[in-house]
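Coordinate analysis (summary)
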Amino acid sequence: DAGLMAGMVLVGSINGGQASNLCTYIAKGNVALSVLMTTATTVGAILMTPFLCKALLGAVVPVDAKGIAMSTIQVVLAPIAIGMTA
């Protein structure tokens, strides 16, 4: 089914690492590394999502890079900055 394949490609190419930062903190792991990897995969998703969709599905999926960047700042970086200054 083409719809199922498209859904799997999209879900597989978009990161979901924000919750891993909390899990890393609770497990007393390297939170700085976890945040770095979350940010890196988010930036990578901006470029790789359209590429993978074109390569695997033959269609281009538009990506809102500005929206993703703002979301990353609000969800990942801002809480960390506030926590470091408190």
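Overview of the structure. All of these numbers come straight from a predicted model, not from anything done at the bench. (Residues numbered from 1 in each chain as written. Predicted model: local features only at pLDDT ≥ 70, side-chain atom pairs only at ≥ 80, totals over all residues. Heavy atoms only, no water.)

**Some thoughts on the overall build of the chain**
For the chain, the count of helices and strands is four helices and zero strands. When its helices and strands are written in sequence order, the chain yields α-α-α-α. The C-alpha atoms of the chain give a radius of gyration of 15 Å, which is well past the 12 Å a tight globule of 86 residues would have. Considering only C-alpha atoms, the chain reaches an extent of 50 × 25 × 15 Å along its principal axes. For the chain, the proportion of contacts with a sequence separation of at least 24, taken over those separated by at least 6, is 57%. (Helix = DSSP H or I, 4+ residues; strand = E, 2+ residues; numbered from the N terminus. Rg over C-alpha atoms; globule rule 2.2 N^0.38 Å. Contact = heavy atoms within 4.5 Å.)

**Some words on helix α4 (residues 65-85)**
Counting along an α-helix, one turn takes 3.6 residues, and residues three or four places apart therefore face a common direction. Across its 21 residues, α4 extends 28 Å between first and last C-alpha, which sits within 8% of the 30 Å expected from 1.5 Å per residue. At Leu-77, α4 is bent by approximately 40 degrees, the largest bend along its length, and proline Pro-79 sits one to four residues beyond. (Expected span 1.5 Å × (residues − 1). Bend = angle between axes of the 7 residues up to and from the residue.)

**What about unusual backbone geometry?**
Phi at Lys-28 takes a positive value of approximately 60 degrees, unusual for a residue other than glycine. Tracing the backbone through its elements, the reader meets Lys-28 in the loop between α2 (18-26) and α3 (31-57).

**As for the packing of α2 against α3**
Relative orientation of the contacting elements α2 and α3 amounts to 175 degrees, with a least axis distance of 9 Å. Classified by the angle between their axes, α2 and α3 sit roughly antiparallel to one another. Of the residues in α3, those touching α2 at Gln-18, Ser-20, Asn-21, Thr-24 and Tyr-25 are Val-31, Ser-34, Val-35, Thr-38 and Thr-42. (Axes fitted to C-alpha atoms, helices over the stretch in contact; angles between N-to-C directions. Parallel < 35°, antiparallel > 145°, perpendicular 65-115°, else oblique.)

**Things to note about the environment of Leu-52**
Secondary-structure assignment places Leu-52 in helix α3. A sequence separation of 14 residues divides Leu-52 from Thr-38, and the C-alpha atoms of the two residues are 19 Å apart. Leave out the neighbours within four places in its chain, and Leu-52 touches Val-9, Ser-13 and Leu-57.

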